[in-house]
Amino acid sequence: MIHFVLLSKQNPKHYTQPMYQTIGEDISIIGIYDHAHFKPKKMQWHQQVFPVDQICSTHDFKDGAGKKRRFSIMSGKTLYLIEFNRDRETWTLQQVWVE
């Protein structure tokens, strides 16, 4: 977890600032299709399995000629930005947001 410490004479407390880190690593995803829409349920990264507690957003876009789909997912208090390359059928962990 990444923290900033902000101290002042009036309020000498520690404040946590959400931060993100760019990852760009291959991952594995387990999911289901619900009414023709894919829903990630678990993510495996570095031999650890993270349950998907919430899907925050989904959007499709083109990267040159390639088609991709991005999901923002929550596991615990951490937000992950994952990307599915629809042409190569591979998953990539793009970013991790920590609180």
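Higher on the page you've got the structure.
Remember, predicted model here, so these are calculated numbers, not experimental data.

(A) Summary view of the packing of aromatic side chains. What the rule picks out here adds up to 8 aromatic pairs. Ring centres 5.2 Å apart and planes at 65° place the aromatic pair Tyr-33 and Phe-38 in the edge-to-face group.

(B) Highlighting the pairing of strand β4 (residues 54-63). In the sheet, β4 pairs with strand β5 (residues 66-75) via 9 bridges, with the strands oriented antiparallel. Bridged to Ile-55 within β5 is Ile-73. What sits between β4 and β5 in their antiparallel hairpin is a turn of 2 residues, with Gly-64 showing a positive phi close to 70°.

(C) Fine view of the nonpolar core. Membership of the largest hydrophobic core comes to 16 residues, with the highest contact counts inside it found for Ile-27, Met-43, Trp-45, Tyr-80, Ile-82 and Leu-93. Considering every element that reaches this core, the biggest residue donor is strand β7 (residues 90-98), with 4 residues. Non-local contacts of Trp-45, meaning those with residues more than four positions away in its chain, are made with Ile-23, Glu-25, Asp-26, Ile-27, Phe-50, Tyr-80, Leu-93 and Val-96.

(D) The arrangement of the environment of Arg-69 in detail. Relative to the helices and strands, Arg-69 is located in strand β5. Owing to a relative accessible area of 23%, Arg-69 belongs among the partly exposed residues under this scheme. Sequence spacing of Arg-69 and Phe-84 is 15 residues, and the spatial spacing of their C-alpha atoms is 5.1 Å. Among all residues touching Arg-69, those that are not within four sequence positions of it are Thr-58, His-59, Asp-60, Ile-82, Glu-83, Phe-84 and Arg-86. Within the local environment of Arg-69, its side chain forms a polar contact with the side chain of Asp-60, the two groups lying 2.5 Å apart.

(E) Up close: the sheet that holds strand β3 (residues 48-51). With respect to topology, 7 strands assemble into an open sheet ordered β3-β2-β1-β7-β6-β5-β4, the strand pairing being antiparallel. Sheet topology places β3 and β4 at the edges, where each strand pairs with a single neighbour. Neighbour-to-neighbour, the strand axes of the sheet open up by a mean angle of 35°, direction not taken into account. Relative to β7, strand β1 (residues 19-34) is paired through 7 bridges, and the arrangement is antiparallel. Within the sheet, the bridge partner assigned to Tyr-20 lies in β7 and is Trp-97.

(F) Fine view of unusual backbone geometry. Its identity as a non-glycine residue notwithstanding, His-35 has a phi of 55°, on the positive side. Structurally, His-35 can be placed in the loop between β1 and β2 (37-45). Taking relative accessible area as the criterion, His-35 reaches 72% and is therefore assigned exposed. The backbone of Glu-89 shows a phi angle near 55°, a positive value even though the residue is not glycine.

Calculation notes
- Within each chain, residue numbers correspond to sequence positions counted from 1 in written order.
- Whole-chain, interface and lining totals are the exception, using all residues; otherwise, since this is a predicted model, local features are given only for residues with pLDDT of at least 70 and side-chain atom pairs are given and counted only at 80 or more.
- Water and hydrogen atoms were dropped before computing side-chain values, which therefore reflect all heavy atoms in the structure.
- Two aromatic rings, drawn from Phe, Tyr or Trp (for Trp, its six-membered ring), form a pair once their centres lie within 6.5 Å of each other, and the interplanar angle then sorts them: stacked below 30 degrees, edge-to-face above 60, tilted otherwise.
- For two strands to be treated as a pair, DSSP must find at least two bridges joining them.
- For helices the rule is a DSSP run of H or I covering at least 4 residues; for strands it is a run of E covering at least 2, with both sets numbered from the N terminus onward.
- By convention a nonpolar core is built from buried Ala, Val, Leu, Ile, Met, Phe, Trp, Tyr and Cys residues, the set being connected through side-chain atoms within 4.5 Å.
- Here's how the labels work: a residue is buried when its accessible area is under 20% of the maximum for its type, exposed when over 50%, partly exposed in between, all with a 1.4 Å probe on protein chains only.
- Residues count as neighbours in contact if any of their non-hydrogen atoms are within 4.5 Å of one another.
- Counting of polar contacts relies on pairs of N or O atoms within 3.5 Å, with two restrictions inside protein: one atom must be capable of donating a hydrogen and the other of accepting it, and residues adjacent in sequence are counted only when both atoms are side-chain atoms.
- To define axes, lines are fitted to C-alpha atoms, for helices over the stretch in contact only, and angles between the resulting N-to-C directions are given on a 0 to 180 degree scale.

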